[in-house]
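# Fold and contact review
The residues making up each chain are set out below.
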Amino acid sequence: MMKNLPKTFERLTLSERIQHIVLVISFMLLVITGAPLFVYKWKLFHVLIASEALFRLRGILHRAGAVMLIVLVVYHLGYILFTRRGRHELWEFLPRFRDLGDFLHLVKYNLGLVKDPPNFGRYNIIHKFEYWAVTWGSCMMILTGFILWFEVQAMIWLPKWIMDVTRVIHGYEATLAFLTIIIWHFYNVHFNPDVFPMSKLWLTGRLTEEEMKKYHPREYEELMKEEESKSE
Amino acid sequence: MKRDITDEAPEFSRRRPASLSAGPDELPLSGGLGKGPGSCVLLVLIFLLISFRLADAYEIKLTTSQDNAQCLSCHSGENKYLEKFPKNKRELLAVDEHMLSGSAHRLNTCTDCHSGLNQIPHEKTGAIVDCTKCHSSDITVNGKEQKYSESIHFAALKKGSKEAATCTSCHGTHDILEVSRPDSRVNRAMIPKTCGTCHSEIFSLYERSIHGQAWLKKVGESAVCTDCHGEHQILAPAVKESSVSKQHIPETCSKCHANEKLNVKYGIGEKKISTYLGSFHGIALEYGDVTVANCASCHGYHDILPSSDPSSSISKGNLARTCGHCHPGMGENVAKGNIHVAPTPRSDIFAFYIKLAYTLIIGSMIPAFAALIIIDLYGRYRRSRLAMHDGAEAAKEES
């Protein structure tokens, strides 16, 4: 039985890794080209965007990043609805009451109030928070971004005060997303002492047996059970 | 019109025959003309005398300290000598003594300005007045140097324009008054009139604008021409450095409208400049995109009217058309909401509370993340110490 065990476990398929890379590129492009409008008083941006042509280029790149994100979101929607793997992942990502208990357990474990580590499954609350934050954020940004992109057409239906609200949401939602990524996501995948300087999961898509046991014990257990039942 | 004195100079002297020698006794008197062959010669003689009958009257060397009375003996408005000139020339040659003695130059002599005249009778050439002998054409306004030599007026003068404004066009000639005097042509109270002498069409637009209306009511804080255009260094709007160029319009308007006291006093509303600078238009302009709307794009410039005026470009009824200049197809929806107004619970309830909610979410999320990260790091540190401790105990037991 032990011989049949794979040495590594696939966590991200090639398609999922490519989706993540597209998200990384479009996100970075959108943040870099969008921030000069939100933090418009920062001198550095005025040094970098020193001419009308560069400012126009900023707008073009921002829209290019937006198109990338839209294509990705549409593709991802198809992926989670129309592929077997996608549907399974979506199911795994659905929030459950257990996640809250696991989370409190983790805090207690870190503070030394309980001895055993939390028995995490495939996705814990940290992963689920990030996934749904990206989903929510992308929808908000695409919706408000489209309104701002096609302002005259949008204003056939929307009064000026909704345009003002739209602009507030686009700017602040972006700030929220950027800070979440730069603080929370970067801690989890870069600065966390376990993975510093960077977890290679996003490139390899695979976890070792040790990592599976440590980070996803319940999933590992379930996989082992499946394995056993198959081999019987 | 303003520069006729100098323009006429060459023609004036050309008419003077060198051989003419007529005594003061021979001054022609009206009705003294005879008939016959001699009258033709007499007519020519009279014509010449009309021009220069006093040619040899005063053979006096003029010095710079020459008393003005010497000059005024001919150039006084009451002098009969001048009556012989056509009316328009007479006006130019006549000097109002009263005006001169009340002017800023009351202590100067004629030859201080009209230099190059050393004797009477004098050649008209060389009488071009050069103000820069005493005054610099570069001035400092609000700490900014303004050079007449860089201005659009001087550029036109160099090109040979006869209408181009020179010192005298704005400051006057014999009637120059100190700028502090309210009746001075260059006092703020008079500036629109002074500029309007040449720019009459603009003056009639300005007169109807909110700034012009306030100026007519003697509101000293209202903008006059020079507040926006500058004084000596007036530049065309197309020149980037101009105070009324697309790049500099917001800066120029903010000289008054960034002043919240004035905004409250005249019911303009608060934060008009900062909210514009924070709008997409303001931000894009600051990055150098001049195609976006600046203040003047929507408000106009010489004809600015308050939004409460139905004929204003920014009245509710006209907004769709005004915005439509740049955003073709813009409809009435643009008037349903505020434009560059800081959101308050009263003005923009949704924008205000959504902004507040985001600020609270972001403001509480960052400490929450920080706390979780610190707890996580603490957990790792605690466990690694425990592991070390266990290892040490195990080693002890072994030994």
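Quick caveat: nothing in here was measured; it's all calculated off a predicted structure.

If you tally the helices and strands in chain B, you get 19 helices and 4 strands. Accessible surface for chain B amounts to roughly 24700 Å². Of this, 60% is attributable to carbon and sulfur atoms.

Residue and element names in this part refer to chain A. Estimates place the volume of the second largest pocket at around 620 Å³. Along the wall of the second largest pocket there are 26 residues; nearest its centre are H88, E92, R122, E219 and L223. Elements with a contribution of two residues or more to the lining of the second largest pocket: β1 (8-10), α4 (84-93), α5 (97-111) and α11 (217-231). Sorting elements by how many residues they give to the lining of the second largest pocket places α11 first, with 8 residues. For the lining of the second largest pocket, the per-class residue count stands at 8 nonpolar, 3 polar and 15 charged.

This paragraph deals with the confidence of the model for chain B. Residue and element names in this part refer to chain B. This prediction gives chain B a mean pLDDT of 83; 82% of its residues lie at or above 70. This model gives residues 1-35 a pLDDT under 50, and the stretch forms 46 contacts once residues within four places in sequence are excluded. Taken together, the stretch residues 51-60 has pLDDT below 50 and engages in 27 contacts with residues farther than four places along the chain or on a different chain.

What follows concerns the packing of helix α8 (residues 160-191) of chain A against helix α19 (residues 349-398) of chain B. The interhelical angle for the contact between α8(A) and α19(B), taken along N-to-C directions, is 5°, at an axis separation of 10 Å. Overall, the two elements α8(A) and α19(B) adopt an arrangement that is roughly parallel. Class assignment for the residues of the contact of α8(A) with α19(B) results in 22 nonpolar, 3 polar and 4 charged.

Glancing now at the interface of chain A and chain B. Opposite the 45 residues of chain A that make contact, chain B presents 45 residues. Here chain A packs against chain B, burying approximately 4000 Å² in sum over the two surfaces, 69% of which is carbon and sulfur. For the salt bridge of B:D289 with A:R56, the shortest nitrogen-to-oxygen distance reads 3.3 Å. Taken together, the connections running from chain A to chain B amount to 18 residue pairs in polar contact (both at pLDDT 80 or more). Contributions of two or more residues to the side of chain A that touches chain B are made by α1 (14-38), α2 (43-48), α3 (52-82), α5, α6 (125-149), α7 (151-154) and α8 of chain A. When residues in the side of chain A that touches chain B are grouped by element, the largest group, 16 residues, is from α8(A). A per-class count over the side of chain A that touches chain B returns 29 nonpolar, 7 polar and 9 charged.

On to the nonpolar core. A general trend in soluble globular proteins is that nonpolar side chains are found buried together. With 18 residues, the main nonpolar core has A:I169, A:Y172, A:L176, A:W184, B:Y358 and B:I362 as its most contacted residues. Listed by contribution, the elements that provide at least two residues to this core are α6 and α8 of chain A together with α19 of chain B. Excluding anything up to four places from it in sequence, B:I362 contacts A:Y172, A:T175, A:L176 and A:L179. In this structure, A:M155, A:M163, B:I314 and B:L319 belong to the second largest nonpolar core, which totals 12 residues.

Let's shift gears to the packing of α5(A) against α19(B). Here α5(A) crosses α19(B) at 50°, and the two axes come no closer than 7 Å. Between α5(A) and α19(B), the crossing angle belongs to the class labelled oblique. Of the two elements, α5(A) crosses α19(B), and the hand of that crossing is left-handed. Contacts between α5(A) and α19(B) involve A:F103, A:V107, A:Y109, A:N110 and A:L111 on the former and, on the latter, B:L372, B:I375, B:D376, B:Y378, B:G379, B:R382 and B:R383.

What follows covers unusual backbone geometry. Omega for the peptide link from A:F196 to A:P197 comes to 5°, which places this bond in the cis form. Not every positive phi belongs to a glycine, and B:K218 is a case in point at roughly 65°. Inspection of the secondary structure assignment puts B:K218 in the loop between α11 (210-216) and α12 (225-229). The exposure class of B:K218 is exposed, given its relative accessible area of 74%. One non-glycine residue, B:H340, lies in positive phi territory at about 35°. Mapped onto the fold, B:H340 is located in the loop between α18 (319-324) and α19.

Residue and element names in this part refer to chain A. If you trace the backbone, E130 turns up in helix α6. Buried charged residue E130 carries no salt bridge. Nearest counter-charge: R11, at 9.8 Å. Within the structure, the side chain of E130 is placed 2.4 Å from the side chain of H185, a separation counted as a polar contact. Setting aside chain neighbours within four positions, we find E130 in contact with W184, H185 and N188.

Further remarks concern the environment of B:C110. Residue and element names in this part refer to chain B. Position of C110 among the secondary structure elements: in helix α6 (residues 110-113). By relative accessible area, which is 17% here, C110 ends up buried. Through-space distance from the C-alpha of C110 to that of S243 is 37 Å; in sequence the pair is 133 residues apart. Contact partners of C110, with chain neighbours within four places excluded, come to N68 and C71.

Each value, and the rule that gives it
- Residues numbered from 1 in each chain as written.
- Chains lettered and ligands numbered in written order.
- Predicted model: local features only at pLDDT ≥ 70, side-chain atom pairs only at ≥ 80, totals over all residues.
- Heavy atoms only, no water.
- Helix = DSSP H or I, 4+ residues; strand = E, 2+ residues; numbered from the N terminus.
- Areas by Shrake-Rupley, 256 points an atom, 1.4 Å probe, with all protein chains shown as cover.
- 1 Å grid on protein atoms, 1.4 Å probe; cavity = no way out; pocket = protein on both sides within 12 Å on 5 of 7 lines; lining within 4 Å.
- Points joined across faces, edges and corners; volume = space filled by probe spheres on them.
- Nonpolar A, V, L, I, M, F, W, Y, C, P; charged D, E, K, R; others polar.
- pLDDT = per-residue confidence, 0-100.
- Contact = heavy atoms within 4.5 Å.
- Axes fitted to C-alpha atoms, helices over the stretch in contact; angles between N-to-C directions.
- Parallel < 35°, antiparallel > 145°, perpendicular 65-115°, else oblique.
- Buried area = accessible area lost by both parts, 1.4 Å probe.
- Salt bridge = Lys/Arg side-chain N within 4 Å of Asp/Glu carboxyl O.
- Polar contact = N/O pair within 3.5 Å; in protein donor to acceptor, adjacent residues only side chain to side chain.
- Core = buried A, V, L, I, M, F, W, Y, C linked by side-chain atoms within 4.5 Å.
- Buried < 20%, exposed > 50% of the residue type's maximum accessible area, 1.4 Å probe, protein only.
- Left-handed = near helix turned anticlockwise from the far one by under 90°.
- Lys, Arg positive; Asp, Glu negative; His and termini not counted.

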